[in-house]
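# Fold and geometry: a report
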Number of protein chains: 2
Amino acid sequence: MSRLGILLSGRGSNFEAIADSIEAGRLDAEIAIVISNSPRAKGLERARQRGLRAVCIPSKAMEREAYDRLVVAELREAEVELVCLAGFMRLLSAYFVEEFPQRILNIHPSLLPSFPGLEAQAQALEHGTKYTGCTVHFVDERLDAGPILIQKAVPVLDSDNEESLAARILEQEHVAYTEAIRLVLSGAYRIDGRRVVRTR
Amino acid sequence: MSRLGILLSGRGSNFEAIADSIEAGRLDAEIAIVISNSPRAKGLERARQRGLRAVCIPSKAMEREAYDRLVVAELREAEVELVCLAGFMRLLSAYFVEEFPQRILNIHPSLLPSFPGLEAQAQALEHGTKYTGCTVHFVDERLDAGPILIQKAVPVLDSDNEESLAARILEQEHVAYTEAIRLVLSGAYRIDGRRVVRTR
């Protein structure tokens, strides 16, 4: 059974979607540990309610790589094979990325490379784009930049505000993350340049 | 009957799609003039075959605004209300844009703001994006940057090469351009910031 490590900073709705997929048998894996850099993250509480190991490693005032060493040690101890970022509000150091080569995933609420960074939904609305969506990608040291595993396109409606658009994207995020984890765990892909191509 | 002016530099498949939409009664407009900056543009020949006024104004070695003055004069003489760029390989000057405020459209083979500029389909493939598409937008002096009227999302398949992807996008371009022209001619929209919103 593949062991997942989840990193989050807030409510972690994508963490819950992954946990639900596992419980429903849509994903053959287990969540070995949930780590938050913020003691107030709702996701920690939710993890405990689900009977999962939930650890807070506060990042406040810590240097990036020193912090990442603590997190990596915790992930190693939990024998994590695949790291899933679910609203983890920190860039990872090169050290962290090299410790889990092509074994760290993130989800972003836009069709990257459009609208990287914070408030992607508001960026899409302000830009006046008619489609946005979500992206699950491998993580490297750059912001929202690694090879793309799965994307879902979502229409922007004339009646949308930030909240309604974010909710429509979030539904697709929950589907996309499970698909992406399943693809990575299957090993049935190769990476050509930046392009992730299925091999069966 | 609204009078359209078409600017092109090559075969002008989007010009032909617009002409087909008019002939089929899907678009209540007429093409008053087709202008190319290149004497070898296949689109000029196609325009003549359709009995349309087709004019070549060579741009070679001409300063941008001096050239644009010639084109604007020709569009004025043809009493053009809406200018449609269909593979016109030049940036327009501020002068040109101000002569036709919110009356110049362009189509681009990506979901802008991703992949502006040349070879958008190859850019999308190289980036490994799972969705691309096309965008019809108002034209300003910047490259592929004005408010967006219509977008169509197109999946990128693992089996795609540049040719197959470009062909799948082109089908949607032909649909999108007619929709966008119809919307602009209807006047049933407003522009909030960068966002084009239908008013009925």
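Quick summary incoming for the structure in this document. Per chain, residue numbering runs from 1 following the sequence as it is written. All chains are assigned letters beginning with A, and all ligands numbers beginning with 1, in the order in which they are written. Thresholds applied to this predicted model are a pLDDT of at least 70 for local features of residues and 80 or more for the giving and counting of side-chain atom pairs; totals over whole chains, interfaces and linings are not thresholded and use all residues. In computing side-chain values, all of the structure's heavy atoms are included and hydrogens and water are not.

## Considerations on the nonpolar core
Definition of nonpolar core: a set of buried residues of the types Ala, Val, Leu, Ile, Met, Phe, Trp, Tyr and Cys, connected through side-chain atoms within 4.5 Å. Any residue under 20% of the maximum accessible area for its type is buried, any over 50% is exposed, and the rest in between are partly exposed; the area is computed with a 1.4 Å probe on protein chains only. In this structure, I6(A), F15(A), I18(A), L105(A), L149(A) and I181(A) are the most contacted members of the largest nonpolar core, which totals 38 residues. Counting from the N terminus, the helices are the DSSP runs of H or I reaching at least four residues and the strands are the DSSP runs of E reaching at least two. The biggest single contributor to this core is helix α6 (residues 162–186) of chain A, with eight residues. Grouped together as the second largest cluster of nonpolar side chains are 37 residues, L8(B), A86(B), I169(B) and I181(B) included.

## A few points about the pairing of strand β2 (residues 29–36) of chain B
All names here are of chain B. Most of β2 is tucked away, with seven of its eight residues classed as buried. By the bridge criterion, seven bridges tie strand β1 (residues 2–8) to β2 in an arrangement that is parallel. From the neighbouring strand, L4 faces β2, where its bridge partner is I31. Only strands joined by at least two bridges in the DSSP assignment are considered to pair. Examined bridge by bridge, β2 and strand β3 (residues 54–56) share three bridges and lie parallel to one another. The partner of S36 across the bridge, within β3, is C56. A clockwise course of the path from the first strand over the helix to the second, judged with the strands pointing away from the viewer, identifies a crossover as right-handed. The parallel pair β2 and β3, bridged by helix α2 (residues 42–49), forms a crossover whose chirality is right-handed.

## So, the environment of E16(B)
Residues and elements named next belong to chain B. Looking at where E16 falls in the secondary structure, it is placed in helix α1 (residues 13–23). Judged by its relative accessible area of 17%, E16 is buried. Considered as a pair, E16 and R76 are 60 residues apart in the sequence and their alpha carbons are 22 Å apart. Contacts between residues were defined by any pair of non-hydrogen atoms, one from each residue, lying within 4.5 Å. Excluding residues that lie within four positions of it along the chain, E16 makes contacts with R46 and R50.

Scope: geometric values only; no functional claims are made or implied.
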